[in-house]
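Letter by letter, the chains look like this.
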Amino acid sequence: MNESEEIKRQKQYIQKVKEMNQNKRLKYTILTMGCQLNENDSEKLCGMLEQMGYDRTENQKEADLALFNTCCVRENAEDKLFGKLGELKRLKEEKGIIIAIGGCMMQEKHITEKIKESYPFVDILFGTHTLHKFPENLYKALKEKKKLKDIIDIDGEIYEGMPIKRNSHIKASVTIMNGCNNFCTYCIVPYVRGRERSRQPKDIIDEVKDLAKQGYQEITLLGQNVNSYLRVEQEKNIKFEAYEGVHSFATLLKAINKIEGIERIRFVSPHPKDFTDDVIEAIATCDKVCNLVHLPLQSGNSKVLKEMNRKYTKEQYLALVEKMQKRIPNLTLSTDIIVGFPGETDEEFEDTLDVVRKVKFEQVYMFIYSRRMGTPGDKMENQIPEEQKHKRFDQLKALVESQIQENNQKYVGTIQKVLVEGESKNNKDLLTGRTDSNKVVIFEGNKNLIGTIQNMKIVSEHMWYLKGEM
Ligand code: SAH
Ligand code: SF4
Ligand code: F3S
């Protein structure tokens, strides 16, 4: 692994914090908002904290440090953060708890200004490009007792070799690239995560091999645009070292497919415009790559798609789906859809419903358009009234739910391979797992099955889960 001077420096800070806390075990809480990339970043923050002598607790009152990893893709996250900060004010006054906020929202100036003004008791603000410096920032906050802000607009480098504390022993996320170059007109992500940059093939392969050794069964490859992995590097002649034949997303899938011990490979999110034939071929030929592909649609209308800067039409999307279905046996699809983008008419929204009817997605993540400051969408004049947006959302939801129910029926009576993940949250006597197509299956079984893949007969469907029998 390619451990830089910077990471060596941060590891020294890890030791310094530990010493400063006199090797006592302290406690922290962490609240993560947003996407799987943020979840993976939080796993890294947890890794650093554990090495610095902090153990996780869910009880805010006993925490010595409260950490927030924020998202700003839609507006509701802001209310959630400010609500929590209000609650923490008393704990700050009573026991001097350290409060740190990081993540995407911190890359927005109007947010950090609001925090400075209304919540001046927050100790550390850090952005997406300075996550790896958390040990240094914590050390300074503890030692100098100063409020500090470590936020830069320059794309952060990719750092290898920091500790990580994963949420699961069975499934692991591996970030393969940071940033986004697409600038969809509704989306804030390119502004808060910077430009696309990919990790070196060897670092990814080594990480997955190590996960396999630890017994992990399932790997999810993460990025804002995974199927353009290494594209910018190729186009701009930025140096990278091919490793085990990896020089693109398709070759990465193939190389990971060969790693012994890993049973399932997933990835999010690909962009339809970059779904090249070699990627389709890799999915079709790699036995471990799951047959559920997430293919964000956003809108089914070509004019709206153009306004969104998505770079494909309704027809191109449907043609891609058809091509994939022909080549990949048992393909299932999930998607993201936004309703109420500026200017969207009822007729244009009908096109979205039309695509949903045609494709019959396994899962649809539905969003009401949310204005994001600084994006072109926010400046568009023909914003849709809230009421209208909600009406469309409900219409889409009704269609999606009826399709899911219909689709669930197809599972009943079939045998599915289920990766057993643990006890069911609602009933400790039952176990829960997932099919290749990521459907939740609940069943009765012995706890020693956790972490294995089992053949299971599906006996009934219940909208959001299936019931199985060994
Ligand atoms: N890079 C990924 C995901 C980005 S964010 C992709 O391109 O698919 C996840 C989802 O949030 C997006 O797919 C989109 O459906 C939704 N989203 C992004 N910005 C939004 C906004 N301003 N309002 C509502 N939904 C939004
Ligand atoms: Fe946002 Fe579009 Fe980039 Fe996805 S591809 S992160 S939706 S700008
Ligand atoms: Fe949110 Fe940042 Fe992910 S804005 S969706 S946490 S990349």
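The model shown is predicted, which means the values in this text are computed figures rather than measured ones.

S.K.: Quick question: what am I supposed to make of the overall build of the protein chain here?
M.R.: The helix and strand tally for the protein chain stands at 15 helices and 19 strands. Summarising its shape, the C-alpha atoms of the protein chain cover approximately 60 × 55 × 50 Å along the three principal directions. Within the protein chain, the proportion of its 470 residues that are buried is 55%. Accessible area for the protein chain stands at about 21800 Å²; split by element, carbon and sulfur atoms hold 47% of it. Seen as two clouds, the 74 positive and the 72 negative side-chain charges of the protein chain have centres 3 Å apart.

S.K.: Would you take a moment to explain the pairing of strand 18 (residues 453-461) for this structure?
M.R.: When a strand is regular, its side chains alternate between the sheet's two faces. With five bridges connecting them, strand 15 (residues 415-423) and strand 18 associate as antiparallel partners. Opposite L419, over in strand 18, you have I453 as the bridge partner. What sits between the antiparallel neighbours strand 18 and strand 19 (residues 466-469) is a turn of four residues, in which M463 has the positive phi angle 60 degrees.

S.K.: What is the right way to look at the sheet that holds strand 16 (residues 431-434) in this model?
M.R.: Paired through backbone hydrogen bonds, the strands of a sheet run either parallel or antiparallel to each other. Strand order in the closed barrel formed by five strands is 15-16-17-19-18, and the pairing between neighbours is mixed. Along the sheet, successive strands turn relative to each other by an average axial angle of 55 degrees, direction set aside. Judged from the four bridges that link them, strand 16 and strand 17 (residues 440-443) form a sheet pairing that is antiparallel. If you follow L431 over to strand 17, its bridge partner there is F443. Where helix 15 (residues 386-411) meets the sheet, it contacts strand 15, strand 18 and strand 19, and its direction lies at approximately 125 degrees from that of strand 18.

S.K.: How should the side chain of N227 be read in this particular structure?
M.R.: For N227, the location among the structural elements is in the loop between strand 10 (218-222) and helix 8 (231-235). A relative accessible area of 4% places N227 in the buried class. Polar side-chain contacts of N227 include one of 3.2 Å to the backbone oxygen of D274.

Thresholds, definitions, all that
Throughout, a residue's number is its position along its own chain's written sequence, starting from 1. Both sets of labels track the order of writing: A upward for chains, 1 upward for ligands. Since the coordinates come from a predicted model, pLDDT governs what is reported: local features require at least 70, and pairs of side-chain atoms require 80 or more to be given and counted, while whole-chain, interface and lining totals use all residues. Excluded from the side-chain calculations are hydrogens and water; all other atoms, namely the structure's heavy atoms, are used. Strands are runs of DSSP state E lasting at least 2 residues, helices are runs of H or I lasting at least 4, and numbering of each runs from the N terminus. Working definition: with a 1.4 Å probe on protein chains only, accessible area under 20% of the residue-type maximum means buried, over 50% means exposed, and in between means partly exposed. Where accessible areas are quoted, they stem from the Shrake-Rupley method and a 1.4 Å probe; at the residue level, only the protein chains shown are allowed to cover. Residues counted as positive are Lys and Arg, residues counted as negative are Asp and Glu, and His and the chain ends are not counted. Taken as the charge centre is NZ of Lys, CZ of Arg, CG of Asp or CD of Glu, depending on the residue. What makes two strands pair is DSSP finding at least two bridges between them. As a rule, the C-alpha atoms of each element are fitted with a line to give its axis, helices using only the stretch in contact, and angles between N-to-C directions run from 0 to 180 degrees. The contact criterion used is simple: two residues touch if any of their non-hydrogen atoms lie within 4.5 Å. Any pair of nitrogen or oxygen atoms within 3.5 Å is treated as a polar contact; in protein, a donor-acceptor pairing is required on top of that, and neighbouring residues in sequence qualify only through side-chain atoms on both sides.

On their own, these measurements won't tell you what the molecule is for.
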